[in-house]
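Okay, here's what each chain looks like letter by letter:
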Amino acid sequence: MIINGVTIDQTFAEAFPMKATRAIITAQNEKWAMISAQAMTGFATSVIACGCEAGIERVLDASETPDGRPGVSVMIFAMGGKGLAKQLETRAGQCVLTSPTSALFAGIDGGTRIALGKNLRYFGDGFQVSKLISGKRYWRIPVMDGEFLTEATTGQVDAVGGGNFLVLAESQPQALAACEAAIEEMRKIPNVIMPFPGGVVRSGSKVGSKYKSLGASTNDAFCPTLKGMTKTDLSPEIESVMEIVIDGLTKEDIDKAMRVGIQAVCDLGAENGIKRISAGNYGGKLGPFHFHLQEIMA
Amino acid sequence: MSALTFSLKRRVDQRVDMSPLVCQKLTGLDPSDIGALELHNGKAKVRVDSLFDISGSDTQKIVIKNSYEKLDFIGKELETGEISVIGDAGAYLGLGMKSGLIRISGNTGLFTACEMKKGLIEIDGNTGDFLGGALPGNKMGMKGGTVLVKGNAGDRVGDHMRRGNILIEGNAGDYCGSRMTAGTIAVMGQTGKHVGYAMRRGTLLLWNGPQVPANFNDCGAHTLAFLPLLFKSFKTLNSAFSEPAAMFNRVRRYAGDMSEMGRGEILVKI
């Protein structure tokens, strides 16, 4: 398949099941909600080393938040419910409780309930106050700028992690420009996050390593500087490859995000140095969710 | 199906225990079966159809017409459905109510919503003492749900209250929130003496400054984030509490009762 001069490989991205949750951070204004959200989702690019994958889903208008203040919706993904709960609590405690004027609310009503502010309340040292409002439990924790209001729990649901596609370009600036265009469009899709810095990964990996201590290592087949040294997957004109990784609540959410992302890349086309779109494919061993590029773009 | 309607034929001298006439107990019964049920009337037992004209058949919607202050235990342990009372109601209205809706066009007596667990009670008139309280000797009053009083309430509102909302558009008597363990009591009018007496936790939300007891400590003026959420939860009520003008988040906070746990609060609108 070729779109605007860009070859879409006949391959698929492999993704795996994860657990996910969403939290809504509000603050006096969008600036402080965003500061808190950025802190909460920091160092959360890959479950391999961070314990979770987290990202900002979108900015919320005051009319969309529980307390009528500007807010930011964040999503956190982990390999299991326990790990997710631990990461959520740690990040909420360190990055939202501490952030001026913030409040924290559940972003998913269904699913299994996991602690959001339920245990953070102990920071109140006995002065915390519980309120049950419309069937939801909130905690009012006295803090130095007033009160930190947090919902006790949020919903945890089954989700999909590791959706991806690779952008192969003639130069590094062209690959990055294409990925930036893709991310801009993909951020408009609900229920997904692109957890890597700016949504773009330069260090795509393969499963395994020559070093026993490592479970993953550089994807040498897509490393342009190794074209003459390894069984490369790159043609001579490809000088740079970048990856976009997507976590979503459902396979369909990731489908949508991949479609708009790949389309944005293809819109730049071969004339801007974009040659191919491929995907992280590990022979079907990584996970049960397969995202066939040509089917998605059909 | 029209509402199952009980129209009182005559006012009896002795009090009537209305507790058998709740939706879940009448489900599946014909009007003739319902007429044959017996109610305690003082020491005597009387058939329902000797006191009431019965019409309609929807047991999930009960209407009590010509009601007056000697009809006790209306909606006792109501589990489902709606009861509308046209007129006044006696004591123990909604005692231990578990779910559903009770509406009263007039006044209610003592111990209204006593030990209520869930649901909604709307009172257009006034109510007596111990609204949302505990039965004498018990230590847990209202445990959930919402009571809306458009008129005034008597003394000891929310005595031993454990959870839920009591909303009073008018005035509350003395000892409002006494021995309260948790929950919220909001009073738009005036409150009497000794507000929050022996209160352990919970919130008294007042539109008018009370006589703050000596064992409550002033914590200053604050903007509290939970108040907009609380008011938002009242939006569906047919009440002054649901009007945008009623909403505020700036209050003066008094913590107490310091002779108890001291974790309760009186919040006064600024």
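In short, a report on the structure. In this text the structure is predicted, and so the values were computed from the model without any measurement. (Residues numbered from 1 in each chain as written. Chains lettered and ligands numbered in written order. Predicted model: local features only at pLDDT ≥ 70, side-chain atom pairs only at ≥ 80, totals over all residues. Heavy atoms only, no water.)

All names here are of chain A. Interaxial distance between helix H1 (residues 30-40) and helix H3 (residues 81-96) falls to 9 Å at its minimum, and their mutual angle equals 140°. What the angle tells us is that H1 and H3 run oblique. As H1 runs across H3, the sense of the crossing is right-handed. Between H1 and H3, the residues in contact are Ser36, Ala39 and Met40 and Leu88, Arg91, Ala92, Cys95 and Val96, respectively. By residue class, the composition of the contact of H1 with H3 is six nonpolar, one polar and one charged. (Axes fitted to C-alpha atoms, helices over the stretch in contact; angles between N-to-C directions. Helix = DSSP H or I, 4+ residues; strand = E, 2+ residues; numbered from the N terminus. Parallel < 35°, antiparallel > 145°, perpendicular 65-115°, else oblique. Left-handed = near helix turned anticlockwise from the far one by under 90°. Contact = heavy atoms within 4.5 Å. Nonpolar A, V, L, I, M, F, W, Y, C, P; charged D, E, K, R; others polar.)

Take the packing of aromatic side chains next. Taken as a whole and assessed by the stated rule, the structure comprises twelve aromatic pairs over all chains. Ring centres 6.3 Å apart and planes at 70° place the aromatic pair Phe105 of chain A and Tyr138 of chain A in the edge-to-face group. Taken as a pair, Phe105 of chain A in strand S6 (residues 103-106) and Tyr138 of chain A in strand S9 (residues 136-143) lie far apart in primary sequence, 33 residues in all. Grouping residues by exposure puts Phe105 of chain A and Tyr138 of chain A together as buried. Residues Phe6 of chain B and Phe52 of chain B carry aromatic rings whose centres are separated by 5.8 Å and whose planes lie at 75° to one another, so their mutual orientation is edge-to-face. With Phe6 of chain B in strand S1 (residues 3-8) and Phe52 of chain B in strand S5 (residues 52-55), this residue pair connects regions lying 46 residues apart in the sequence. Judged by relative accessible area, which is 0%, Phe6 of chain B ranks as buried. (Phe/Tyr/Trp six-rings, centres within 6.5 Å; stacked < 30°, edge-to-face > 60°. Buried < 20%, exposed > 50% of the residue type's maximum accessible area, 1.4 Å probe, protein only.)

To continue, consider H3 of chain A. In this model H3 of chain A runs 21 Å from its N-terminal to its C-terminal C-alpha over 16 residues, within 8% of the 22 Å that 1.5 Å per residue would give. Leu84, Gln87, Leu88, Arg91, Ala92, Gly93, Cys95 and Val96 of chain A are the residues of H3 of chain A that are buried. (Expected span 1.5 Å × (residues − 1).)

Another aspect to go through is the interface of chain B and chain A. Each partner contributes to the interface: chain B provides 15 residues, whereas chain A provides 16 residues. In total, chain B and chain A occlude about 1200 Å² of area from one another, counting both sides; carbon and sulfur atoms represent 57% of this. Of all residues in chain B, Phe226, Leu229 and Arg263 of chain B give up the largest surface area on contact with chain A, accounting jointly for 42% of the area buried on that side. Taken together, the connections running from chain B to chain A amount to one salt bridge. As a salt-bridge pair, Glu265 of chain B and Arg140 of chain A come within 2.5 Å of each other at their nearest N and O atoms. If you look at where chain B meets chain A, you find seven residue pairs in polar contact (both at pLDDT 80 or more). With four residues, the single largest contributor to the side of chain B that touches chain A is helix H4 (residues 226-232) of chain B. Each residue belonging to the side of chain B that touches chain A can be placed in one class, and the counts come to five nonpolar, five polar and five charged. (Buried area = accessible area lost by both parts, 1.4 Å probe. Salt bridge = Lys/Arg side-chain N within 4 Å of Asp/Glu carboxyl O. Polar contact = N/O pair within 3.5 Å; in protein donor to acceptor, adjacent residues only side chain to side chain.)

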